Amino acid sequence: MSELCAVVGVGQTQHSAKRDDVSIPGLVREAALRALDDAGMTFADIDAVVLGKAPDMFEGVMMPELYLADALGASGKPMLRVHTAGSVGGSTALVAASLIQAGVHGRVLCVAFEKQSESNATWAVTPSMPFQPPVVAGAGGYFTPHIRAYMKRSGAPPDVGIKVALKDRLNAIRNPYAHLHMPDITYEMIEESAMLWEPIRFHETCPSSDGACAMVLTSESIADATSKPPAWVWSTAMRSEPTMFSGRDQVNPQAGRDCAADVYEQAGITNPREEIDVAEVYVPFSWFEPMWMENLGFAPLGEGWKMTVEGATAFDGDLPINPSGGVLSSNPIGASGMLRFAEAALQVRGQAGEHQVPGAKKALGHAYGGGSQFFAMWIVGSDKPEGR
Amino acid sequence: MTERIVGIKTPIKLEYTYTPGLASSRYLNGVARGKLIGQRCPECSKVYVPARGCCPACGVTLGEEVEVAQSGTITTFCVVNLPFYQAIKPPYVCASILLDGADMALFHLIQEVPAEEVRMGMRVEAVWVEPGELGPTMESIRYFRPTGEPDADYDSYKEHL
Ligand SMILES: [Zn+2]
């Protein structure tokens, strides 16, 4: 039987297009100090540090963990770097959790970041490769064909993406850390924004953000002694699959379905739509909300879009998705996955402030990355897992 | 007096020597002759183009060399309205193309048709560089263009979205 793990501290930076007031070490430290403060701890209390970020090319800084060790108080302690593309914030949290669950450490600080303004991530993800056709189309060029395939398969109305974008941007107004605060956002404004990668419009895409997120994870006895309510980790799961193989379903990837089934089973969840109160799901392009609703088993195949249209995923819906504003409102890529996990923890701790979903007791944090090939998920609860 | 420095530019250039290996060499030698060469998986029978070392689904070494057709079907696509690709003015279309005889779509440019007329199921064919310019490089195919044939039935490519 593994040790129980809990989130006892959460911190994040102000996310924005350009945080030129801080260096990369300054950025990660801002999040780390806030998480430690929330946990009532200092760097001296931490046993190990786990750091995650997306590809090094995003800043052009190779192996940033080498020079961030001192900024994160890791001198003389174990420090690990995690990388699983866009899902890395989630998998970083899960590596940290596994150190607690395995009984190796009692207090682990996990941190994830991206400082997109220091380079050009769009170009970094689409270099000219000698072994691929010379087609350069950016991240949207990779994902929009799958969105088109989803629209065809599901027969969803063409404006579902607009509705997702509007909902997440309105949610972001409640989140003081969000990059995009657009109080005047309207359906028409999104509809009339430039069509970047048809069928995806400008306002249906995530921004490029600088930002970081950090969490302090501890074992059961330490969490029991903290003053603020902890978020108990009920289950964790990761899955991956190859970038390409014949017949691969990139609209509804097998790895995502398997990861969700695993994380539900470990948590004893048989009806996720009923049993989960709120979810923070990695939605970088609007249409990924309905796609992931199906992949996560919240909606039957081909009906994920109905949850958006019927308002089920809205802040006051039966399963609020991304009350923080989500990736569509803040996208410091490497940190985006951890922000989903951390926001899930804040919800069940009752610490989400203006975007707190009333009475949330069980929440899902979800991240994916690469060509929809890495998945990381956890379920956290305000109570300890049943039977423990 | 000191000024606050918020950024200094340090451009990075990466030169990369690519070793194609046996499988990619088959494909590259094929395009140098104006042919599209794939390989069939001995376990699942799927044909991968370009030829590659192993089947990503089965994890076994790919076997029999297969030449596939130079025409195929657009399974899905994206209209790019951003100026990413200096050589081509937006809007342009990037599409997943399932070549006849292949079981894995490849991603390429669609030209010689207005972007708004491109559709799922559209039949297209490869347009090569001039014979004298053919070489063992991915640039040997310039783009794909419509063949004018009737669209393929959705069921024929729905497993490749
Ligand atoms: Zn195979």
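Everything that follows concerns the structure shown earlier in this document.
In this report, we go over the structure that sits alongside the text.

Conventions used here
Residues numbered from 1 in each chain as written. Chains lettered and ligands numbered in written order. Predicted model: local features only at pLDDT ≥ 70, side-chain atom pairs only at ≥ 80, totals over all residues. Heavy atoms only, no water. Helix = DSSP H or I, 4+ residues; strand = E, 2+ residues; numbered from the N terminus. Expected span 1.5 Å × (residues − 1). Bend = angle between axes of the 7 residues up to and from the residue. Phe/Tyr/Trp six-rings, centres within 6.5 Å; stacked < 30°, edge-to-face > 60°. Buried < 20%, exposed > 50% of the residue type's maximum accessible area, 1.4 Å probe, protein only. Lys NZ or Arg CZ within 6 Å of the ring centre and 35° of its normal. Contact = heavy atoms within 4.5 Å. Salt bridge = Lys/Arg side-chain N within 4 Å of Asp/Glu carboxyl O. Pairing = 2+ DSSP bridges.

Residue and element names in this part refer to chain A. Across its 17 residues, helix H5 (residues 138-154) extends 25 Å between first and last C-alpha, which sits within 8% of the 24 Å expected from 1.5 Å per residue. Threonine 144 marks the point of greatest bend in H5, at about 30 degrees, and the proline proline 145 comes within the next four residues. Glycine 155 sits one or two positions beyond H5 and adopts a positive phi of about 65 degrees.

Another aspect to go through is the packing of aromatic side chains. Between two aromatic rings, the relevant description is the distance of the centres plus the angle of the planes. Residues and elements named next belong to chain A. The tally for this structure, following the rule as stated, stands at 15 aromatic pairs over all chains. Where tyrosine 282 meets tyrosine 368, the ring centres are 5.4 Å apart and the plane angle is 80 degrees; that geometry is what we call edge-to-face. Placement of the pair is tyrosine 282 in the loop between strand S9 (278-280) and helix H11 (288-295) and tyrosine 368 in strand S10 (residues 362-369), with a sequence separation of 86 residues. In this structure, tyrosine 282 and tyrosine 368 share a single accessibility class: buried. Its guanidinium or amino end placed over the ring of phenylalanine 315, arginine 174 lies 3.8 Å from that ring's centre, counting from NZ or CZ. Over the face of the ring belonging to tryptophan 234 we find lysine 362, whose NZ or CZ atom lies 4.1 Å from the ring centre.

In this section: the interface of chain B and chain A. The interface of chain B with chain A comprises 33 residues on the first partner and 34 residues on the second. The tally of links between chain B and chain A comes to zero salt bridges. At the level of secondary structure, the elements contributing two or more residues to the side of chain B that touches chain A comprise strand S4 (71-80), strand S5 (92-99) and strand S6 (106-110) of chain B. By residue number, the principal contributor to the side of chain B that touches chain A is S4 of chain B, which donates five residues. Two elements, strand S5 (residues 195-198) of chain A and S4 of chain B, share two bridges in a ladder whose sense is antiparallel. Counterpart to glutamate 198 of chain A in the pairing with S4 of chain B is valine 79 of chain B.

Looking now at helix H3 (residues 88-101) of chain A. The periodicity of an α-helix, 3.6 residues per turn, causes residues three or four positions apart to be oriented the same way. All names here are of chain A. For H3, which comprises 14 residues, the first-to-last C-alpha distance of 19 Å matches the rise-based estimate of 20 Å (1.5 Å per residue) to within 8%. Counted residue by residue, H3 has 12 buried out of 14 residues, so it is predominantly covered. For H3, the complete set of buried residues consists of Val88, Gly89, Gly90, Ser91, Thr92, Ala93, Leu94, Ala96, Ala97, Leu99, Ile100 and Gln101. Note on H3: the residue one or two positions beyond its end, glycine 103, has a positive phi of about 75 degrees.

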